[in-house]
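Coordinate analysis (summary)
Here is what each chain is made of, one letter per residue.
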Amino acid sequence: MSVKAMVGSTAAELLRLRKWSAIWVIVGAWLALSLSFGYVFNYVSYKTGDDNFAGDGASDAQLLAELMPSAIPDILVSGLPMFGGALAMVVGALVAGNGFGWGTWKTVFTQGPSRSAAVGGSLAAVTVFMFAMMTATLVLCAGVSVAIAAAEGQPITMPALTDLAQSFGAGFLVLEMWALLGFLVGVLAKGPALAVGLGLVWSLVVENLLRGVGSLLSGVETVTDALPGTAGGSLAGAIIGGPNGTPGVLDAISGERALVTVAAYVLVAAVAAVVVMRRRDLA
Amino acid sequence: MKELVVETDGLTKRYGDRLAVDRVSMTVRRGEVYGFLGPNGAGKTTTLRMMLGLIRPTAGAASVLGRPAGRPDVTARIGALVEGPGFYPYLSGRDNLRTMARYQGLANTEVDRVLEMVDLADRARDAFKGYSLGMKQRLGVAAAMLGAPDLLVLDEPTNGLDPAGMADMRALVVSLAEAGQTVILSSHILAEVQEICDRVGVIVEGRLLRESTVADLRGGATLRVRATPEDAALAALMRLADDEGVRRSGNETLEVELPATAAPDVVRHLVAHSIDVHEVTVAERSLEDAFFEMTSSGMASNKEVAS
C-alpha cells in the first residue's frame, strides 16, 4: 500500500463525506444533544431553581460551577458514552455499509487503489470527521460556557491545558472506537441498516443489561469489563472523576485500563475491517 | 500476432454447488474490440469480475496487461463498468467523478474531459440520484474512461439508453477503437456487437463455446440464385462450385456457398449455359442467427454432459 494511494483515497473519501448531508445531520444532532444536556437543561434548572435529571440535589453553586469554562473537560466527555458513541457508530456503519448497496466499493476498487489503501482512506476520513466532531464540541462548549460566565458575571477561568488535552484525547478515542466498530459492523453486514440497528441495540441496551447481570455474577462481570461500552464509560468516568449521574459514565475499570481497552478496540476494528475487505469477493 | 492484453487460463468460479464459470480460456488482443456474448446468467459478468480482481477464481488464472489480474498496478490501467454504475446518490455526477479521480490522483480537468466525451457536461452538476438510467450508464462509462486506461471493460454499456443514446455510445466505442483503445464489450445487442467488434467470445452456462472473429462466427455468405431450368442451373453451378456447396432451396432457387464477390461470375457462367437468371441475392447469416444456433446447441450439449 503506497503512501500516494492512501493519500488519494483519503482525499476522495473526505470529498464525498463532507458533501454528504446525512453526516452533517449526525454532527448537528451530536452538537445539539451536547448543548442541551451539557448546558441548556442545567442552566434552565439553575435559573428557575428546578431540579433536573443530572443535577438532582445539586446546589445552585454546584450547578453554576458545572456551566463555567473550567468545567469544559467534564462536559466534553460526559455525553460520549451514551449518545456520542451511538452517533459515531451510526457514522461508521453508514460510511462502510452504504458502499455495498450503492455499489461504490466496486467502483472504487476498479479505479486502481489497493483494497487496503481504499479502506484505509475511508477509515482515515472517518477519523478526521471524529476529530472535527470533537473539535466542534470543544468550540461549542468554550463559547457557551464563556457566554454563561459573562451573563452571570462570573470570572472566566479556563481549565488547565493538560486537563483539556486529556479530556479531548479521551473523548476523541471514545468516538473513534465507536465509529470504527460501526465501520466494521457495516463491512460485516454488507449494509448500513443491520449494522446501525444491531450496533445501537448493543451499545445502548445489551451492554447495560449485561452490566446489570454482571453486578450479580462475577464471571459475567469479567466479560462486561472488557466490552467497549464499559471501556468508553470508564474512560469518561476517569476524566470526570467518577460517575456523576450521567448515563453511561462509569468507574467499572481504571482509567488506564479503559484507555488501553479503547485503544485496542480502535486498532482491532481498523485491522479487521481492512482484512475482511481485502479477502471479500465483491459479487 | 498482436500483444495479448487479456489471457485467461482455465478460469473457474464455483459458488457452492453451482459452477458459474467453467474453465474459461480466452484471449483479448491489443487494439481490438472484443465482444463477450452469452445469455443472462451465462457467466459473463463473473468472468469480467475475476479479470478485474473483484472476485477470486476458484481455479485457473487471469493475466491482464501482462500481469496477474487484480493487482492494483494492473487495475489502475483498466477502466471498467461492470453490472451497472455504482455511485454516491447524493453527489452530483461531477463530484462523483472527482471522487473517483482522486483515487487515481487525477486532476479535475480529466473529469471535464470524460464528461464531454459522454455528453454529460450540461447535467454534471445534478445529483446522481436524479439521473435517468441512461445518464447513470453514461456516467459509469465516463468513470471507466478516467485516466485514459489501456483496457476498457464495458458490461452492457447501452443498458437503459434510448436509441439516440445507444447510437452515441456505439459511436464512442468505435471512436475509441479507431484510436487504438482495447475494449471488452459485453452486450445483449448482437447487431451492435456485429457492427463494432473485431472478435467475439460466446459463453453459455459458464463455458466458452467459441472465440473467433465476427466474420468467422457468422460463416461465409451464400448466393441465392433463381434460375430456369432448375436442373440445368444446378448442374452448371455444381461445375462452378464444389458439388456439396450447391443445394436446392425450393421455388426454382438454388443456394451456392460462394462469396458475394462471385455473383458476376455465377451469372456469366449460367448465361453461357443458356440458363435464364431471374434473380441473384446474397444471403448472409447475422451474428444473431449464429449466436442463437450456437447457444441452443451449446446448452443442449452441456445438458448431455451433465446427464
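Residues numbered from 1 in each chain as written. Chains lettered and ligands numbered in written order. Predicted model: local features only at pLDDT ≥ 70, side-chain atom pairs only at ≥ 80, totals over all residues. Heavy atoms only, no water.

Here's the deal with helix α5 (residues 80–101) of chain A
Residues and elements named next belong to chain A. Over its 22 residues, α5 runs 29 Å from end to end, which matches the ideal 32 Å to within 8%, given 1.5 Å per residue. When the local axis directions of α5 are compared, the greatest deviation, roughly 25 degrees, occurs at L94. The element α5 is largely enclosed, with a buried count of 20 among its 22 residues. G103 occupies a position one or two residues after α5 and carries a positive phi of about 75 degrees. (Helix = DSSP H or I, 4+ residues; strand = E, 2+ residues; numbered from the N terminus. Expected span 1.5 Å × (residues − 1). Bend = angle between axes of the 7 residues up to and from the residue. Buried < 20%, exposed > 50% of the residue type's maximum accessible area, 1.4 Å probe, protein only.)

Side note on the sheet that holds strand β12 (residues 222–228) of chain B
Residue and element names in this part refer to chain B. If you walk across this open sheet you meet the four strands as β13-β14-β12-β15, and the pairing is antiparallel. In this open sheet, the two strands that pair with only one neighbour each are β13 (246–250) and β15 (276–283). The average angle at which neighbouring strand axes cross in this sheet is 25 degrees, direction not considered. When β12 meets strand β14 (residues 253–256), the two strands line up antiparallel, connected through four bridges. Across the sheet, the residue bridging to L223 is V256, located in β14. (Pairing = 2+ DSSP bridges. Axes fitted to C-alpha atoms, helices over the stretch in contact; angles between N-to-C directions.)

Observations regarding unusual backbone geometry
Residues and elements named next belong to chain B. Across the junction of T228 and P229, the peptide omega takes the value -5 degrees, indicating a cis bond. You will see that E83, though not glycine, has its phi angle at about 50 degrees, which is positive. Tracing the chain through its elements places E83 in the loop between β7 (78–81) and α3 (93–104). In this structure, E156 takes a positive phi of about 50 degrees despite not being glycine. A relative accessible area of 10% places E156 in the buried class.

Some thoughts on the environment of L173 of chain A
All names here are of chain A. Relative to the helices and strands, L173 is located in helix α8 (residues 161–189). Looking at L173, the relative accessible area reads 21%, which means it is partly exposed. Excluding its chain neighbours within four sequence positions, the residues that come into contact with L173 are L259, V262 and V266. (Contact = heavy atoms within 4.5 Å.)

Here's the deal with the interface of chain B and chain A
Every contact between the two is made by 31 residues of chain B and, on the other side, 29 residues of chain A. Carbon and sulfur atoms supply 56% of the area that chain B and chain A bury against each other, a total of about 2,700 Å² over both sides. Looking at the side of chain B facing chain A, the largest losses of area belong to L54, Y90 and Y103 of chain B, adding up to 29% of the total buried there. Our enumeration of links across chain B and chain A arrives at 16 residue pairs in polar contact (both at pLDDT 80 or more). Going through the elements one at a time, β1 (4–15), α1 (44–52), α2 (72–75), β7 and α3 of chain B are the ones with two or more residues in the side of chain B that touches chain A. A per-element tally of the side of chain B that touches chain A places α3 of chain B first, with seven residues. In the side of chain B that touches chain A, the residues fall into 18 nonpolar, six polar and seven charged. (Buried area = accessible area lost by both parts, 1.4 Å probe. Polar contact = N/O pair within 3.5 Å; in protein donor to acceptor, adjacent residues only side chain to side chain. Nonpolar A, V, L, I, M, F, W, Y, C, P; charged D, E, K, R; others polar.)

Things to note about the pairing of strand β9 (residues 182–186) of chain B
Two faces make up the sheet, and in a regular strand the side chains alternate between them. Residue and element names in this part refer to chain B. In terms of residue burial, β9 counts as a mostly covered element, since five of its five residues are buried. Burial of β9 is two-sided: the residues T182, I184 and S186 facing one way and the residues V183 and L185 facing the other way are all buried. In this sheet, β9 lies alongside strand β4 (residues 33–37) in parallel orientation, the contact comprising four bridges. For V33, the partnering residue across the bridge sits in β9 and is V183.

Remarks on the nonpolar core
The biggest cluster of nonpolar side chains holds 153 residues, and the ones touching the most others in it are F109, M130 and F183 of chain A together with L97, L154 and I184 of chain B. For this core, the leading source of residues is α8 of chain A, giving 14 residues. Not counting chain neighbours up to four residues away, the residues in contact with F109 of chain A comprise R115, A118, V119, M277 and L282 of chain A together with L54 and T75 of chain B. Ranked by size, the runner-up nonpolar core spans 17 residues in total, among them A233, L237, A241 and V246 of chain B. (Core = buried A, V, L, I, M, F, W, Y, C linked by side-chain atoms within 4.5 Å.)

Considering the domain arrangement of chain B
The domains assigned to chain B are domain 1 (4–217) and domain 2 (220–283). Averaged C-alpha coordinates put domain 1 of chain B and domain 2 of chain B at centres separated by 44 Å. (Domains from an automatic or database assignment.)

A short note on the packing of helix α7 (residues 115–151) of chain A against helix α12 (residues 255–279) of chain A
Residue and element names in this part refer to chain A. In contact at an axis separation of 9 Å, α7 and α12 are set at 145 degrees when each is read in the N-to-C sense. Relative to α12, α7 is oriented so that their crossing is right-handed. Residues R115, S116, V119 and L123 of α7 form the contact with α12, whose own contacting residues are A270, A273, V274, M277 and R278. Residue composition of the contact of α7 with α12, by class: six nonpolar, one polar and two charged. (Left-handed = near helix turned anticlockwise from the far one by under 90°.)

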